[in-house]
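# Remarks on the overall topology
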Amino acid sequence: MILILDPFTTKLLSSCCKMSDLMSEKITIVEDLYKNREPVPEMKAIYFMSPTAKCVDAFIADFKPKPKYKAAYVYFTDYCPDELFNNMKRSCSTHIRVCKEINISFMPQEAQVFTCDNPGAFQSIYSPNSQDKKKTLETIADQLVSLCATLDENPGVRYKKDGNMQNAQTLAELVDNKLAQHYELDESGKKPVRTKNVERMNEGKTQAQLLIVERGFDPVSPILHELTYQAMAYDRIDIQSDTYKYKAKDGSEKQALLNEDDVLWVKLRHKHIAEVSEQIRLLVKEISTNKKQTDGKITISNLAQMMKKMPSFRKQVTQKTVHLQLAEDCMQDFSKHVEKLCKAEQDLAVGSDVEGVKVKDPMRTLLPVLLHSHSSTHDKIRVVLLYIFSLSGTTDENLSKLIQHVKIEKEQEYILNWKELGVPIIISPSFFSRKITRRDRSQDQTYNLSRWTPVIKDVMEDAVENKLDTREWPHQSECPAAWNGTGVVSARQKHKASSQDDRRSGSRLIVFVLGGISHSEMRCAYEVTQAVKSCEVIIGSSHILTPIGLLNDIKALSKAPMETFTIEERSAA
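Residues numbered from 1 in each chain as written. Predicted model: local features only at pLDDT ≥ 70, side-chain atom pairs only at ≥ 80, totals over all residues. Heavy atoms only, no water.

An unreviewed UniProt entry lists the protein chain under the name Syntaxin-binding protein 3, with Liparis tanakae as the source organism. Annotation of the protein chain in UniProt includes, under Sequence similarities (unreviewed entry), the sentence "Belongs to the STXBP/unc-18/SEC1 family." (UniProt positions renumbered as here; feature names shortened; annotations may be inferred.)

This is the structure:
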């Protein structure tokens, strides 16, 4: 069999399976839908593609005027519009053996993290010059419905009410309407494939809740210097497409993929860098000890045992070497650049110092960082933003002085454009105050330079405990029984803590942040799931942010309109 993919489905498939997995299913060739391919008329072809006009046109071209393959088995990532379906039917129905829609138009990033694989959504939603905001929100709503269908959930939908922005409410309305349509379509016979949906529609809402919130809800977390391994690595080290490039001891260029297949990465990614460095040293020491033991007497039986363990041993050694190098890179950068910033950042973000004494004059906290000659411009911008966020806005005069200090007179959009996210930069009576009541974490064991907790963690914990205020988090749709304030969620802790399947038989909380999520917010989903045990928390967004990437996106908001891509057009990119 031949498997034919578009760019989106190529990325999607790469995130969850390997070529060996495909070969075990008798797929011997993987091809690009848009490239010229040699006809193989004796072979059948599986088409896994997005339901877009470009994909459908490319598919039809494979069978007109002369078929390239013996037969076609077509699988769409999402609902195929009638117009496109009828076009296929008219043009090449005799060659199509199967045509199905499978709900997976989102990107699974990690075990509890997904994205819409659409970084361009940030500009489309928040740029004052955007011309496709409505279309982008519609596309994201379709992807969220696709996610819910894949999880076999029909969740209650809630959104964070915001006096400055309406995007979360708009998206919540779209998602709720599309969920209702999705679970009703089977009755009309329009989509006979979706047998599960009929059952789901009859049952009503499932034990799941979907919370939608805008990026401006917590501007601090994606800007702060984080000291947990994953967040720190993606912030300070040049990691592109989850690939870490480094030099081996012999000077050769090496690269490693940081994903779910790397067991050590999964184990370490949410730990503080100090713990990571210590754990890796112990692991390397363990390898050295094992090596010394085998370096002694070499017998035939010893050799046989070593040969059996060789592939897994090599893999373990490689992983440990990679993380030893990455942790060293992080620690070197921390010592040179980050350490001196962290105390000031934490004091500004938390509003108090290590002893819990309230910061009365934030400017005194900020000035030493601005005067430090070795701090980069981006680092200074980040601390200035934390200062402004701590005051919920500043005066025009004060802002001008800060911009001069940082020497970004020609690039002040890095700071001013946050207003497009509903974050007050200049004090104004037209802006609604966003002061959020935080959970008391004074008794939590934390590192002095890691005292800040992302706001989304408070939201997750409050949601699981049925403590979300309905005035701040209105219900867009009916509330499932498990989330109606009776404490059913937290009472269901009879499940085994270690079993993910047991947890899934409980409730599920899906959190969607419009405009990007940071790695520290991703970590919160795992932490809350681990602590609660009866509820699985899944977090997602249009894309994953890095601090510098977010600053560049913010700066670009004031640019003139340019062509942006939704999931339907990205295939052309």
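## Quick look at the pattern of salt bridges
Counted according to the given criterion, the structure contains 32 salt bridges. We note a salt bridge from D142 to K178, for which the minimum N-O separation is 3.0 Å. With D142 in helix α6 (residues 133-150) and K178 in helix α7 (residues 167-184), this pair connects stretches of sequence that are 36 residues apart. D379 is the partner of R382 in a salt bridge, and the nearest nitrogen-oxygen pair spans 4.0 Å. With R382 and D379 both in helix α14 (residues 377-391) and three residues apart, the pair spans about one turn of that helix. Owing to a relative accessible area of 0%, R382 belongs among the buried residues under this scheme. In this structure, a network of salt bridges that share partners links the residues R438, R439, R441, D444, D458, E461, D462, E465 and K467. (Salt bridge = Lys/Arg side-chain N within 4 Å of Asp/Glu carboxyl O. Helix = DSSP H or I, 4+ residues; strand = E, 2+ residues; numbered from the N terminus. Buried < 20%, exposed > 50% of the residue type's maximum accessible area, 1.4 Å probe, protein only.)

## Looking at unusual backbone geometry
For residues besides glycine, phi is generally negative; the peptide bonds are generally trans as well. Note that the residue after K64, namely P65, is joined by a cis bond; omega there is -5 degrees. Relative to the elements of secondary structure, P65 occurs in the loop between α3 (53-61) and β4 (69-76). Phi at K407 takes a positive value of approximately 60 degrees, unusual for a residue other than glycine. Of note, K407 is situated in the loop between α15 (396-406) and α16 (413-416). Its identity as a non-glycine residue notwithstanding, K533 has a phi of 70 degrees, on the positive side. In this structure, K533 sits in the loop between α20 (519-532) and β14 (535-541).

## Observations regarding the sheet that holds strand β9 (residues 208-214)
Spatially, six strands are ordered β6-β7-β14-β13-β9-β8 in an open sheet, and the strand pairing comes out mixed. Looking along the sheet, the strands with just one partner apiece sit at the ends: β6 (107-110) and β8 (156-159). Between one strand axis and the next, the sheet turns by 25 degrees as a mean value, whatever way the strands run. Here β6 runs beside strand β7 (residues 113-115); their pairing, made up of three bridges, is antiparallel. Note on β7: the bridge partner recorded for M107 is T115. The sheet strands contacting α7 are β8, β9 and β13 (507-514), and the helix crosses β9 at an angle near 150 degrees. (Pairing = 2+ DSSP bridges. Axes fitted to C-alpha atoms, helices over the stretch in contact; angles between N-to-C directions. Contact = heavy atoms within 4.5 Å.)

## Re helix α13 (residues 362-371)
Along α13, the positions that sit buried rather than exposed are P362, M363, T365, L366, V369 and L370. All buried residues of α13 lie within an arc of 155 degrees about the axis, which places them on one face of the element. Turned more than 90 degrees off the buried face of α13, the exposed positions are R364 and L371. (Arc of directions from axis to C-beta.)

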